[in-house]
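What follows is each chain in one-letter form.
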Amino acid sequence: MSTETAPRSLAEALRARDDASLSALLRSRPDLITPVPTDLTQLATRAGTRASVVRALERLDRFALQTAEALAVASDPATYDELLGLMAGDDSDPAVTAAFPHALGTLRDQALVWGPDDRLRLVRTARELLAPSPQHPSPTGLGPTVAEATAGMSPGRIQEIVAAAGLPSTHDSVSAVAALTDLFTDRTRMAALLDDAPAESVDVLSRLVWGPPYGQVTADPARHLRWLIDRGLLLPTAPGTVVLPREVALHLRAGRAHRAAEPVAPAVEAAATHRPQVVDAAAAGQAYSALATVEELLKDWHEGGPAVLRAGGLSVRDLKRTAVALDVPEPVAAFWVELAYAAGLLASDGEADERYAATPAYDEWLELPAAERWARLASAWLAATRTAGLVGGRDAKDRTLSALGPGLDRSAAPEVRHRVLTLLAALPEGASPTADSVLARLHWERPLRGAQSTTDDLRTRLARWTLSEAEMLGITGRGALSAQGRALLGFPPATAHDTESTGPGDKLPVHKRHLPLPEAPATHSPAEQAAAAAQAARLLAPLLPEPLDHVLLQADLTAVAPGPLERPLADTLGVLADVESKGGATVYRFTPGSVRRALDAGRSASDLHAFLAAHSRTPVPQPLAYLIDDVARKHGHLRIGAASAYVRCDDEALLNEILADKRSQGLRLGRLAPTVLAAQADPAALLEGLRSMGFAPAAESAEGDVLITRAHAHRTPPRTAPEPVPDGPPVPDATLLGAAIRAIRAGDRASTTPRKPAPATDRPGGNGDLPRTSSAETLATMQAAVLTGESLWIGYVNAEGAASQRVIAPIRVEGGFVTAYDHTADEVRTYPLHRVTGVAELADDQA
């Protein structure tokens, strides 16, 4: 592009772009389209605002950001070769030279840089953010230029520096500063000047060269410092402070703006490689454990879970209790609780005494096949912004962050999860990465501006949590991405052909060795995400164990379930026996208490015998049969009712035994009749007290019937899963982008189309004001335009009082309305004539 046709502003540069380029800009910076700008000038203004520029800079990769930082310390405007020199140095690093065009193209695409190659300009706000200043040092470590550092210096002092540097004196400060700048940017003359420098002076320069460029000196500097100050190699900026000029630093750096340019993204290294079948099997085992853990959690909260804190969330004590029930550490328990919440399976019940409980969606979820239940959990985790890893930390007000409480949303979480798993997908199948290489890659893709440490930043912690949580969920197995994990991300499944040998007996799919990485997997449409989840469920289903309809009864009053049980069998066995151990095989133990629990739930002894006989692959052991009969014989012999409470029994001797037992003193029992005892305790406490003494009482109703006590399933009202907190405006789809670009183009034509000069009788305002004409003249001009087919420029005020200017082609004028093709809206519209402020003809070459 020649200088004559070079754009004079960012708006002109945007105006020269085609629709595809504008569409890419709005897709990468969706904040620019919220709301849709009226024209390209407004788009350029919005692209230069501080908030938008900061957001765009934060989404640059390391090398593109380094290029922007280098342009901020280059001359304004800079040339392509000058900027390349700052990045590649005097030795023209070939890796930097090869990557530089793409980095500069990225900055141009993002509207952070504009102008032709001979006049590259950084957006002003970006330059203000990245250029060095005493308050905000440059990421490059460079200081001010000679001209900037000498701006307040006296002319006499500048001439002294010029003379000490061996330059001829000049008649003005401007030429003196220019001569000094030319000296410092001339590699040959600068090398000769530094050859004469004392060794201590060179050592001082070496300590300042990579930044920070500022140093402290006394009122009477040492000889080697005075040598540098006299020649302008160090320039004073404040009393006692000197700075290394930018030109001097660049000479010492061999022209590089950065100590180490990073043109190539660090590779994700494989820590180990397993057979894909092993990875998928391990992941399937983790997926089955995940389902069992979530079911166990909700079963533990079946009758109503922990109370909701006043500030929201789960108390530390309740989290510890839940961790003990699940037999996991507290951070892991917090993850499962948050996952169930994100999937919409639990919520607060909204009662006066608010508690957490399962939602109706949990019952629907239980009816799904196991693989589909897992897909629901995994999809919820991928999209959730709630971050369980923050539980136990502190918020900005130093308050503890609790599970299910406020303050756990981090909008970057879905993006980091998708990116980490996508990096795993780029490895050969079955390869697990090293955590450090994953973190290094993420830091290159989204560097922290101005940050020196990356060990504690949020994205690093999110990445570490992603690796561990994906393993717990079964998305990865042995650290490698599983087949169902790939499908969940939308990758095509691996094929058995197109393999190349990577070692003796080891073959990996060629297309898996270098997978194309999607730019934004998290932006799939809901339909695409649902299809991906369904495909993942289909791949997982054959790997999960089939539910069993039997157990193995043993003589030691235990039952072994060699795998997952069918739901009716598992529910009944969970009432009849206590879980003793879990794992690949679950061990249940029968106790008097568990048998009594089944009898309290309405089962008879004969029902229990028949149930065990039907579902055991081994004969029912005699000790277990005796246990059931013994507990059943005693069950209900004592009856508890409400007086405050009473005990009645036909066996007077048994009541005498209770009264004589010292453990019954707390119940404060008294005989009302030979077969009835009264208690000053409520029926529930009386039941629990007698059971603790070894009796098997049964509760009865006011009519004398035995009360059947089944577990009460407490459910919340219908609840929706928590909505993820978006990380800025959503990425617009193709339809919205097309409509937005048409509107922006049309608005730009309306604002930039030349108009004929207004007659002297008119009263036009300043530049950009709406045209003003009388009603009669407006009507006449409209009617004439209908006959000639010309376009007009009009001012229009809508019903809300908002004024705008438009370019229209009138089609019909009647009844106080004009029907016209509106170039601004790109459609035919009808406008009331009384809302048209005025009309003007377009210039002849634009009509």
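Not measured: the values here are computed from a predicted model.

**Some remarks on the overall build of the chain**
And then number 1: Helix and strand counts for the chain come out as 34 helices and 27 strands.
And then number 2: Expressed as a percentage of its 847 residues, the buried residues of the chain come to 46%.
And then number 3: Restricting to contacts in the chain with at least 6 residues of sequence separation, those with at least 24 account for 66%.
And then number 4: Working note: accessible area of the chain is about 40800 Å², and carbon and sulfur atoms make up 54% of it.

**Comments concerning the environment of R157**
And then number 1: Tracing the sequence through the fold places R157 in helix α10 (residues 155-164).
And then number 2: Along the primary structure R157 and S173 are separated by 16 residues, whereas in three dimensions their C-alpha atoms are 9.6 Å apart.
And then number 3: If we skip the residues at most four places from it in the chain, R157 touches I229 and D230.

**Some details on helix α3 (residues 40-47)**
And then number 1: Inspection of α3 places L40, L43, A44, R46 and A47 among the buried residues, and these make up the whole buried set. End-on, the buried residues of α3 take up no more than an arc of 165°, which puts them together on one face.
And then number 2: N-cap assignment for α3: the residue whose side-chain oxygen lies 3.2 Å from the backbone N of T41 is D39.

**Here's the deal with the pairing of strand β15 (residues 558-561)**
And then number 1: Residues T558 and V560 line one face of β15 and the alternating positions A559 and A561 line the opposite face, and both faces are buried.
And then number 2: Here 3 bridges tie strand β14 (residues 552-554) to β15, and the two strands are oriented antiparallel to one another. Bridged to Q554 within β15 is T558.
And then number 3: As paired elements, β15 and strand β17 (residues 586-589) share 4 bridges and run antiparallel to each other.

**Regarding helix α7 (residues 94-109)**
And then number 1: Over its 16 residues, α7 runs 24 Å from end to end, which matches the ideal 22 Å to within 8%, given 1.5 Å per residue.
And then number 2: Taking the largest bend as the criterion, α7 deviates by roughly 40°, centred on F100, and proline P101 comes between one and four positions later.
And then number 3: Listed in full, the buried residues belonging to α7 are V96, A99, F100, A103, L104, T106 and L107.
And then number 4: Check the buried side of α7 and you find it contacts α5 (62-72), α6 (80-88) and β1 (113-114).
And then number 5: A distance of 3.0 Å separates the backbone nitrogen of A95 from a side-chain oxygen at the start of α7, and that oxygen is part of D93.
And then number 6: Backbone geometry just after α7 places A111 at a positive phi near 60°.

**Looking at the packing of aromatic side chains**
And then number 1: This structure, assessed with the given rule, holds 5 aromatic pairs.
And then number 2: R373 extends its terminal NZ or CZ atom over the ring of W365, reaching a point 5.4 Å from the ring centre.
And then number 3: The ring of F611 carries R603 above its face, with NZ or CZ at 6.0 Å from the centroid.

**Remarks on the pattern of salt bridges**
And then number 1: According to the stated counting rule, one finds 35 salt bridges in the structure shown.
And then number 2: Salt-bridge contacts for D117 lead to R108; the nearest nitrogen and oxygen are separated by 2.8 Å.
And then number 3: For R108, a relative accessible area of 24% puts it in the partly exposed group.
And then number 4: Close ionic contact of E580 with R589 constitutes a salt bridge, the shortest N to O distance being 2.4 Å.
And then number 5: Here R589 falls in the partly exposed class, since its relative accessible area comes to 27%.
And then number 6: Here the salt bridges do not stand alone but share partners, grouping R157, E160, R226 and D230 into one network.

**What to know about empty space enclosed by the protein**
And then number 1: What the rule picks out here adds up to 4 cavities of 30 Å³ or more.
And then number 2: Size it by volume and the largest cavity reaches roughly 90 Å³.
And then number 3: As for the largest cavity, its lining consists of F335, E338, L339, A342, W381, A384, R386, A388, R417 and E469.
And then number 4: A total of 4 residues in the lining of the largest cavity trace back to one element, the largest contributor, which is helix α18 (residues 330-342).
And then number 5: Looking at the lining of the largest cavity, its residues break down into 6 nonpolar, no polar and 4 charged.
And then number 6: Lining the second largest cavity are L439, L442, H443, R446, L448, D457, R459, T460 and A463.

**Concerning the sheet that holds strand β5 (residues 241-243)**
And then number 1: On the basis of which strands lie adjacent, the open sheet formed by 3 strands has the order β3-β5-β4 and antiparallel pairing. Strands at the two margins of the open sheet, each flanked by one partner only, are β3 (214-216) and β4 (235-238). Shown here is a sheet whose adjacent strand axes are inclined to one another by a mean of 40°, direction ignored.
And then number 2: The pairing of β3 with β5 spans 3 bridges and is classified as antiparallel. Residue pairing in the sheet places Y214 in a bridge with V243 of β5.

**Section: the packing of helix α27 (residues 567-576) against helix α29 (residues 605-615)**
And then number 1: In the contact formed by α27 and α29, the axes pass within 12 Å of each other and the chain directions differ by 130°. Relative to α29, the element α27 lies oblique. In the crossing of α27 with α29, the sense of the turn from one axis to the other is left-handed. In this structure, α27 contributes L569, T572, L573 and L576 to the contact, and α29 contributes L608, F611, L612 and H615.
And then number 2: A per-class count over the contact of α27 with α29 returns 6 nonpolar, 2 polar and no charged.

**Some details on the nonpolar core**
Inside soluble globular proteins, nonpolar side chains tend to come together where they are buried.
And then number 1: Judged by nonpolar contacts, the single largest core of 90 residues is most densely connected at L14, F184, L233 and L234.
And then number 2: The biggest single contributor to this core is α5, with 7 residues.
And then number 3: A284, L404, L421 and V438 belong to the second largest nonpolar core, which has 73 residues in total.

**Some thoughts on the sheet that holds β15**
And then number 1: With antiparallel pairing, 4 strands are arranged side by side in an open sheet as β14-β15-β17-β16. Only two strands of the sheet have a single neighbouring strand rather than two, namely β14 and β16 (578-581). Strand after strand, the sheet turns through a mean of 30° between neighbouring axes, direction not considered.

**Structural notes on the packing of helix α16 (residues 276-300) against helix α17 (residues 316-326)**
And then number 1: With their axes 10 Å apart at the nearest point, α16 and α17 run at an angle of 125° to one another. What the angle tells us is that α16 and α17 run oblique. You can see that α16 and α17 cross each other, and the crossing is right-handed. Note on element contacts: α17 touches α16 through T322, A325 and L326, opposite T293, E296, L297 and D300.
And then number 2: A class-by-class count of the residues in the contact of α16 with α17 yields 3 nonpolar, 2 polar and 2 charged.

**Considerations on the environment of A809**
And then number 1: Along the chain, A809 falls in strand β24 (residues 803-814).
And then number 2: For A809, a relative accessible area of 16% corresponds to the buried category.
And then number 3: Distance from A809 to L792, taken between C-alpha atoms, is 6.2 Å for residues 17 residues apart in sequence.
And then number 4: Excluding anything up to four places from it in sequence, A809 contacts E790, S791, A820, Y821 and H823.

Definitions and cut-offs
- Residues numbered from 1 in each chain as written.
- Predicted model: local features only at pLDDT ≥ 70, side-chain atom pairs only at ≥ 80, totals over all residues.
- Heavy atoms only, no water.
- Helix = DSSP H or I, 4+ residues; strand = E, 2+ residues; numbered from the N terminus.
- Buried < 20%, exposed > 50% of the residue type's maximum accessible area, 1.4 Å probe, protein only.
- Contact = heavy atoms within 4.5 Å.
- Areas by Shrake-Rupley, 256 points an atom, 1.4 Å probe, with all protein chains shown as cover.
- Arc of directions from axis to C-beta.
- Polar contact = N/O pair within 3.5 Å; in protein donor to acceptor, adjacent residues only side chain to side chain.
- Pairing = 2+ DSSP bridges.
- Expected span 1.5 Å × (residues − 1).
- Bend = angle between axes of the 7 residues up to and from the residue.
- Phe/Tyr/Trp six-rings, centres within 6.5 Å; stacked < 30°, edge-to-face > 60°.
- Lys NZ or Arg CZ within 6 Å of the ring centre and 35° of its normal.
- Salt bridge = Lys/Arg side-chain N within 4 Å of Asp/Glu carboxyl O.
- 1 Å grid on protein atoms, 1.4 Å probe; cavity = no way out; pocket = protein on both sides within 12 Å on 5 of 7 lines; lining within 4 Å.
- Points joined across faces, edges and corners; volume = space filled by probe spheres on them.
- Nonpolar A, V, L, I, M, F, W, Y, C, P; charged D, E, K, R; others polar.
- Axes fitted to C-alpha atoms, helices over the stretch in contact; angles between N-to-C directions.
- Parallel < 35°, antiparallel > 145°, perpendicular 65-115°, else oblique.
- Left-handed = near helix turned anticlockwise from the far one by under 90°.
- Core = buried A, V, L, I, M, F, W, Y, C linked by side-chain atoms within 4.5 Å.

Read these as layout, nothing more, since geometry by itself doesn't imply function.
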